[in-house]
Amino acid sequence: MQPDRLREYERTLLGQAIMSAEVANALDLEPADFTDIRCRLVYQAILNLTRRAETVSDPTVVRELEKMGAAGVEPAFVVELSADYLAAENATFYAAQLKDHRRRTLLTETLGDALAQAKDGKRPTDDVLGDAVSKLLSVQGGAGTGGWLSLTEGLNAYLKELEARAANPSAIGVPSGFASIDRSTMGFRPGELVILGA
């Protein structure tokens with residue numbers, strides 16, 4: 001994404017959050033999703049205010065920034081943000097763009113680190129791959145609807161599912177077309193990632 005476009009999204013989204021309590025309460029972002037440090041600080045101030053159920057406005061955001069010791073953010077910047085306010089209907093789109101940009105950044109950093117480590121050969125390949133996969137899964141985890149489960153949570157859920165399947169053997173998901181796989185998995189279900197190996 002073009003840096004100017006990203007900056008526009010960040011500023012417009014913050015302006016919307018300052019001008020609309022509905023937008024301020026509905027945003028599902030983290031301060032790290034913003035590339036401009038001033039926008040990160042303003043968003044943190046907005047989060048602080050909404051968590052305390054206080055009004056979000058130019059003056060309250062400026063006061064919160066002062067409480068936070070965010071000397072790098074001038075009150076004029078906050079006023080400019082609310083002046084850039086556009087239709088609140090765009091907030092969801094802008095927020096999705098910021099999240100996507102942050103995930104792309106994390107993805108490129110992770111892959112770049114893995115590539116550099118693979119080239120220098122100082123660490124075993126399995127360790128490099130393991131670290132890369134773990135980091136990639138954490139990047140992906142922010143996009144999923146259900147998030148990631150711990151091994152214990154996954155095994156407990158699977159055990160409950162097996163017990164339910166045993167109680168009703170006719171209930172089956174989408175068949176794979178291979179009888180042996182269907183007996184083992186009871187068919188494929190939405191939200192499952194099935195990895196088959198020899």
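What counts and how
Counting of residues starts from 1 at the beginning of each chain's written sequence and follows it residue by residue. Only residues with pLDDT of at least 70 are given local features in this predicted model, and only at 80 or more are side-chain atom pairs given and counted; all residues enter the totals for whole chains, interfaces and linings. The side-chain values count all of the structure's non-hydrogen atoms but skip hydrogen atoms and water molecules. Every angle, taken between N-to-C directions, lies between 0 and 180 degrees, and every axis is a line fitted to C-alpha atoms, over only the stretch in contact when it is a helix. Secondary structure is summarised from DSSP: a helix means a run of H or I of at least four residues, a strand means a run of E of at least two, and numbering begins at the N terminus for each. Here the angle decides the label: under 35 degrees means roughly parallel, over 145 means roughly antiparallel, 65 to 115 means roughly perpendicular, and every other value means oblique. Pairs of residues are marked as contacts when any of their non-hydrogen atoms sit within 4.5 Å. Any residue that is not Ala, Val, Leu, Ile, Met, Phe, Trp, Tyr, Cys, Pro, Asp, Glu, Lys or Arg is counted as polar, Gly included; the first ten are nonpolar and the last four charged. Whether a residue is buried, partly exposed or exposed follows from its accessible area with a 1.4 Å probe, protein chains only, as a fraction of its type maximum: under 20%, in between, or over 50%, in that order. The pocket and cavity definitions rest on a 1 Å grid over protein atoms only: a 1.4 Å probe that fits but cannot leave marks a cavity, an open set with protein on both sides within 12 Å along at least five of seven lines marks a pocket, and residues lining either have an atom within 4 Å of a point. Grid points are joined across faces, edges and corners, and a volume is the space filled by probe spheres set on the points. Residues enter a nonpolar core if they are buried and are Ala, Val, Leu, Ile, Met, Phe, Trp, Tyr or Cys, with the set joined through side-chain atoms within 4.5 Å. Any carboxyl oxygen of Asp or Glu that lies within 4 Å of a side-chain nitrogen of Lys or Arg is treated as forming a salt bridge with it. Each crossing is labelled by how the near helix is turned from the far one, with a counterclockwise turn of less than a right angle marking it left-handed and a clockwise turn marking it right-handed. Note on aromatic contacts: the rings of Phe and Tyr and the six-membered ring of Trp form a pair at centre separations within 6.5 Å, being stacked when their planes are under 30 degrees apart, edge-to-face when over 60 apart, and tilted otherwise.

**Q** Explain the packing of helix α3 (residues 37-51) against helix α4 (residues 58-68) to me, please; I cannot follow it from the model alone.
**A** The interhelical angle for the contact between α3 and α4, taken along N-to-C directions, is 105 degrees, at an axis separation of 9 Å. Taken as axis vectors, α3 and α4 run roughly perpendicular relative to one another. Every residue of α4 that contacts α3 at L41, V42, Q44, A45, I46, N48 and L49 is listed here: T60, V61, E64, L65 and M68. Residues that form the contact of α3 with α4 fall into these classes: 8 nonpolar, 3 polar and 1 charged.

**Q** I tried to follow unusual backbone geometry on my own but got confused; where do I start?
**A** What you tend to see is this: most non-glycine residues have negative phi, and most peptide bonds are trans. Located in the positive-phi region is A53, a residue other than glycine, with phi close to 60 degrees. For A53, a relative accessible area of 70% gives the class exposed.

**Q** Hey, could you run me through empty space enclosed by the protein in this one?
**A** One pass over the full model with this rule turns up 1 cavity of 30 Å³ or more. Roughly 50 Å³ of internal volume is contained in the largest cavity. Contributing to the lining of the largest cavity are T110, D113, A114, Q117, R123, V128, D131, A132 and K135. When residues of the lining of the largest cavity are traced back to their parent elements, those giving at least two are α6 (91-120) and α7 (125-141). Split by residue class, the lining of the largest cavity holds 3 nonpolar, 2 polar and 4 charged.

**Q** Is there a simple way to think about the nonpolar core in this case?
**A** Soluble globular proteins tend to bury their nonpolar side chains together. By size, the foremost hydrophobic cluster in this structure holds 30 residues, and its most contacted members are V42, I46 and V61. Every element with two or more residues in this core is listed here: α1 (3-19), α2 (21-26), α3, α4, α5 (75-83) and α6. Considering each element in turn, this core owes the most residues, 7 residues, to α3. What I46 contacts, discounting residues up to four positions off in sequence, is L14, A17, I18, A24, V56 and V61.

**Q** Help me out: how do you make sense of the pattern of salt bridges in this one?
**A** As a working rule, side chains carrying opposite charge can pair if their charged atoms are close by. Following the criterion strictly, the structure yields 7 salt bridges and no others. The partner of R52 in a salt bridge is E64, and the shortest N-O contact between them spans 2.5 Å. Within this pair, whereas R52 is found in the loop between α3 and α4, its partner E64 is found in helix α4, the two being separated by 12 residues in sequence. When its relative accessible area of 4% is taken as the criterion, E64 is described as buried. Measuring nitrogen to oxygen at the nearest pair gives 2.6 Å for the salt bridge that ties R123 to D131. Under the relative-accessibility criterion, R123 is labelled partly exposed at 31%. You can call D131 partly exposed: its relative accessible area is 35%. Three or more residues joined by partner-sharing salt bridges are found here, namely R52, E54, E64 and K67.

**Q** Is there a simple way to explain the packing of α4 against α5 in this structure?
**A** How two helices pack is summed up by the angle between their axes together with the distance between the axes. Their axes nearest at 10 Å, the elements α4 and α5 cross at an angle of 145 degrees. As α4 packs across α5, the resulting crossing turns out to be right-handed. In this structure, α4 uses D58, V61, V62 and L65 to contact α5, whose residues at the interface are P75, V78, V79 and S82. Counted by class, the contact of α4 with α5 contains 6 nonpolar, 1 polar and 1 charged residues.

**Q** Looking at this structure, I do not really get the packing of aromatic side chains. What am I missing?
**A** Two measures describe an aromatic ring pair: the distance that separates the ring centres and the angle between the ring planes. A complete count under the given rule lists 1 aromatic pair for this structure. Summarising the aromatic geometry, the rings of F34 and Y43 are spaced 5.0 Å apart at their centres and angled 35 degrees between planes, so their arrangement reads as tilted. Judged by its relative accessible area of 0%, F34 falls in the buried class. Overall, Y43 belongs to the buried group, its relative accessible area being 0%.

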